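The residues making up each chain are set out below.
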Amino acid sequence: GTSWSFGDAFEEESRTQQEMLVNLLLALVLVYLVMAGLFESLLHPFAIMFALPFAFVGIAATCLLTHSPFNLMSQIGLLILVGIVVNNGIVLVHHIHQLRQSGVERTRAILEASQHRLRPILMTMLCTVLGMAPLAAGSSNAGGVLYYPLARTVMGGLAASTVLTLVLVPCLYTLIEDGASLIARVWKGGARGA
């Protein structure tokens, strides 16, 4: 007739983690849908979306180096990053599309877009990081909730993903397009053989 449990606090933490996971998945889907509409393509947003996990490298490094807890505020920062990180990729891929529509060959368009958008991407990242610096440096809390982990999460994730976006997104863009054209050729070849 006896039972035990980890307690209400543990169950509440478990519910919060599940809600954050659902929110993260929903954010990823919504961001993907917006980019698919912008690029009028279901493939090109993946070049940007595949760069998102590399923001986790920056988050992990920042939390480790600054001894910041990965608490609820850090998880909210991670959720915010999903929207912020893709901005750099959108700026880059959109300019690649503009150049290609004007008749520039793909490799040249990627190189020119990377060169043209380097400064705006770095300036945007730097402004966000510097804007978060006062919150990250402080130890302010309200109701026992610490806010500096949120700022540090956003800063570390954004800095890492920006550097990786400039290298990784053009590579992924090329690989995804080449993979799609290879599949299309194989599909057409199989259809002719049948």
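Higher on the page you've got the structure.
Please read these numbers as outputs of a predicted model, since none were measured by experiment. (Residues numbered from 1 in each chain as written. Predicted model: local features only at pLDDT ≥ 70, side-chain atom pairs only at ≥ 80, totals over all residues. Heavy atoms only, no water.)

A. Representation of the packing of helix 4 (residues 72–101) against helix 5 (residues 106–137) within the structure. For the pair helix 4 and helix 5, the least separation of the axes is 8 Å and the interaxial angle reads 140°. As the angle between them shows, helix 4 and helix 5 are arranged oblique. For the crossing formed where helix 4 meets helix 5, the hand is right-handed. Contact residues: helix 4 offers N88, V91, L92, H95, I96, Q98, L99 and R100, while helix 5 offers R106, A109, I110, E112, A113, S114, H116, R117 and I121. Along the lines of polarity and charge, the residues of the contact of helix 4 with helix 5 split into 8 nonpolar, 5 polar and 4 charged. (Axes fitted to C-alpha atoms, helices over the stretch in contact; angles between N-to-C directions. Helix = DSSP H or I, 4+ residues; strand = E, 2+ residues; numbered from the N terminus. Parallel < 35°, antiparallel > 145°, perpendicular 65-115°, else oblique. Left-handed = near helix turned anticlockwise from the far one by under 90°. Contact = heavy atoms within 4.5 Å. Nonpolar A, V, L, I, M, F, W, Y, C, P; charged D, E, K, R; others polar.)

B. Expanded view of helix 4. Compared with an ideal rise of 1.5 Å per residue, which puts 30 residues at 44 Å, helix 4 spans 44 Å between its outermost C-alpha atoms and is within 8% of the ideal. L81 marks where helix 4 bends most, by close to 35°. Among the residues of helix 4, the N-terminal cap falls to N71, whose side-chain oxygen and the backbone nitrogen of M73 are separated by 3.1 Å. Directly after helix 4, the chain includes G103, whose backbone phi takes a positive value near 105°. (Expected span 1.5 Å × (residues − 1). Bend = angle between axes of the 7 residues up to and from the residue. Polar contact = N/O pair within 3.5 Å; in protein donor to acceptor, adjacent residues only side chain to side chain.)

C. The arrangement of the side chain of T153 in detail. Along the chain, the position of T153 falls in helix 6 (residues 148–193). The class of T153 is buried, set by a relative accessible area of 0%. A distance of 2.6 Å separates the side chain of T153 from the backbone oxygen of P149, its partner in a polar contact. Not counting residues up to four positions away in its chain, the partners in contact with T153 are I59, C63, S74, G77, L78 and L81. (Buried < 20%, exposed > 50% of the residue type's maximum accessible area, 1.4 Å probe, protein only.)

D. Local environment of helix 5. Relative to the 46 Å expected for 32 residues at 1.5 Å per residue, helix 5 spans 43 Å between its end C-alpha atoms, a close match to the ideal helical length. The largest bend in helix 5 is about 45°, located at R117, with the proline P120 one to four residues further on. Among the residues of helix 5, those classed as buried are R106, A109, I110, E112, A113, I121, M125, V129, M132 and A136. The residue sitting at the N-terminus of helix 5 and contributing the capping side-chain oxygen is E105; that oxygen lies 3.1 Å from the backbone nitrogen of T107.

E. Layout of the side chain of R152. Looking at the element boundaries, R152 is found in helix 6. A polar side-chain atom of R152 sits 2.9 Å from a polar atom in the side chain of S68. Excluding anything up to four places from it in sequence, R152 contacts T62, T66, S68 and A136.

F. Quick look at the packing of aromatic side chains. This structure, assessed with the given rule, holds 2 aromatic pairs. Each ring, one from Y32 and one from F46, has its centre 5.1 Å from the other, and the planes form 40°; the classification is tilted. Note that Y32 is positioned in helix 1 (residues 8–39) and F46 in helix 2 (residues 44–49), a separation of 14 residues in sequence. Residue F46 is classed as partly exposed on the basis of its relative accessible area of 33%. (Phe/Tyr/Trp six-rings, centres within 6.5 Å; stacked < 30°, edge-to-face > 60°.)

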